[in-house]
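Geometric and topological summary
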Amino acid sequence: MKKLAMFGALALSVLSLSAVAADAKPIRLGIEAGYPPFSMKTADGKLAGFDVDIGDALCEQMKVKCVWVEQEFDGLIPALKVKKIDAILSSMTITDDRKKSVDFTIKYYHTPARFVMKEGSGIKDPLTELKGKKVGVLRASTHDRFATEVLVPAGINLVRYSSQQEANLDMVAGRLDAMLADSVNLDDGFLKTDAGKGFAFVGPAYDDPKYFGGGAGIAVGKGNQALAEKFNAAITEIRANGTYKKVQDKYFAFDIYGH
């Protein structure tokens, strides 16, 4: 009888834990969906891109349910701080400045920044040759901070956008002289599209850690190290078991993780 009672209690305990797991709230992942190939919308309105696929793979690895919550990029950290979302997985670069407001996981990719202008511009050093020109950046991005602290003092006119797509449209329309953004996003999301014909990279790649941090990480609420560590373990695991490479190879012909 005691054994039966013990097994019964154990069964109830397992059922109880299963119920808790089933009832557990999903992790709400914040994303700005206009940053191809990292985040975008399909023709039928579904989220897609490297960030989305990596996020889904991490949630599957952690065996948790996740839901995506769309937000303009400059509203992601405020949304995290008021707990409208639980984490940000939206190509957000890990920087000391952002660490004042949020905590980060380890990186899940790292790429440099570059300028894009019309082909044949003749510009070799954008930092000294763009004085008086209009340069577009994504508002609240690392590129915004770099431009504010380095380009503006050099006499460059900065134009901030809520999404990279808006900047791309103004570039095509001739309302910008140049754009500064992530090199992969500019290449895949602009230069390789019909809209990007006649435009090209100018100048060197920029990856000064002071401005461009240590790669893109997942932001969590300040002090929420438990969630950060779960993501860290999952990032390490999907890189080890081949899932990361499978997602990467869907979008890139090179190692997006970086050094």
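Our structure's up above, just so we're on the same page.
What this report covers is the structure whose coordinates are included nearby. (Residues numbered from 1 in each chain as written. Predicted model: local features only at pLDDT ≥ 70, side-chain atom pairs only at ≥ 80, totals over all residues. Heavy atoms only, no water.)

**What about empty space enclosed by the protein?**
Throughout the structure, instances matching the rule amount to 1 cavity of 30 Å³ or more. What the largest cavity holds in volume is close to 220 Å³. Lining the largest cavity are 22 residues, with Tyr 35, Ser 91, Thr 93, Thr 142 and His 143 positioned closest to its centre. Taken together, the elements giving at least two residues each to the lining of the largest cavity come down to strand 5 (87–93), helix 6 (142–151) and strand 10 (178–182). Here the element with the most residues in the lining of the largest cavity is strand 5; it accounts for 3 residues. Here the lining of the largest cavity is composed, by residue class, of 9 nonpolar, 10 polar and 3 charged. (1 Å grid on protein atoms, 1.4 Å probe; cavity = no way out; pocket = protein on both sides within 12 Å on 5 of 7 lines; lining within 4 Å. Points joined across faces, edges and corners; volume = space filled by probe spheres on them. Helix = DSSP H or I, 4+ residues; strand = E, 2+ residues; numbered from the N terminus. Nonpolar A, V, L, I, M, F, W, Y, C, P; charged D, E, K, R; others polar.)

**Some thoughts on the packing of aromatic side chains**
For the structure on display, the rule yields 18 aromatic pairs. Their ring planes at 80° and their centres at 6.0 Å tell us that Phe 38 and Phe 50 sit as a pair that is edge-to-face. One end of the pair, Phe 38, is in the loop between strand 1 (27–31) and strand 2 (40–41); the other, Phe 50, is in helix 2 (residues 50–62), with 12 residues separating them in the sequence. Here Phe 38 matches Phe 50 in class, with each residue buried. Note on Tyr 244 and Tyr 257: the rings are 5.9 Å apart at their centroids and 90° apart in plane angle, and the pair reads as edge-to-face. Here Tyr 257 lies in the segment after helix 11 (243–251) and Tyr 244 lies in helix 11, a separation of 13 residues in the sequence. There is no split in this pair, since Tyr 244 and Tyr 257 are both buried. Three or more aromatic residues link up through ring pairs in this structure, and these residues are Tyr 35, Phe 38, Phe 50, Tyr 108, Tyr 109, Tyr 244, Tyr 251, Phe 252, Phe 254 and Tyr 257. It is Lys 107 that lies over the ring of Tyr 257; its NZ or CZ is 4.4 Å from the centre. The ring centre of Tyr 244 lies 5.1 Å from the NZ or CZ of Arg 239, which sits over that ring. (Phe/Tyr/Trp six-rings, centres within 6.5 Å; stacked < 30°, edge-to-face > 60°. Buried < 20%, exposed > 50% of the residue type's maximum accessible area, 1.4 Å probe, protein only. Lys NZ or Arg CZ within 6 Å of the ring centre and 35° of its normal.)

**Quick word on the sheet that holds strand 6 (residues 102–109)**
Read across the open sheet, the 5 strands follow the order 4-1-5-12-6; overall the sheet is mixed. This sheet does not close on itself; its edge strands, each paired only once, are strand 4 (66–70) and strand 6. Here the average twist between neighbouring strands, direction ignored, is 30°. This element, helix 10 (residues 225–240), spans strand 1, strand 5, strand 6 and strand 12 (216–221) of the sheet and lies at about 5° to strand 6. (Pairing = 2+ DSSP bridges. Axes fitted to C-alpha atoms, helices over the stretch in contact; angles between N-to-C directions. Contact = heavy atoms within 4.5 Å.)

**Observations regarding the nonpolar core**
Membership of the largest hydrophobic core comes to 30 residues, with the highest contact counts inside it found for Phe 50, Leu 58, Tyr 108, Tyr 109 and Phe 231. Secondary structure elements with two or more residues in this core: strand 1, helix 2, strand 5, strand 6, strand 12, helix 10 and helix 11. A total of 6 residues in this core trace back to one element, the largest contributor, which is helix 10. What Leu 58 contacts, discounting residues up to four positions off in sequence, is Leu 89, Ile 218, Phe 231, Ala 234, Ile 235 and Ile 238. Formed by 18 residues, the second largest nonpolar core is a distinct cluster that contains Ala 113, Met 117, Val 135 and Tyr 206. (Core = buried A, V, L, I, M, F, W, Y, C linked by side-chain atoms within 4.5 Å.)

**As for the pattern of salt bridges**
Scanning all chains against the criterion turns up 13 salt bridges. The residue Asp 86 makes a salt bridge to Arg 28 at a minimum N-O spacing of 3.0 Å. Of this pair, Asp 86 sits in the loop between helix 3 (76–81) and strand 5 while Arg 28 sits in strand 1, and the two are 58 residues apart along the sequence. Residue classification places Asp 86 among the partly exposed positions, given a relative accessible area of 22%. One salt-bridge network, held together by shared partners, links Asp 187, Asp 188 and Lys 192. (Salt bridge = Lys/Arg side-chain N within 4 Å of Asp/Glu carboxyl O.)

Any functional reading would require information beyond the geometric quantities listed.
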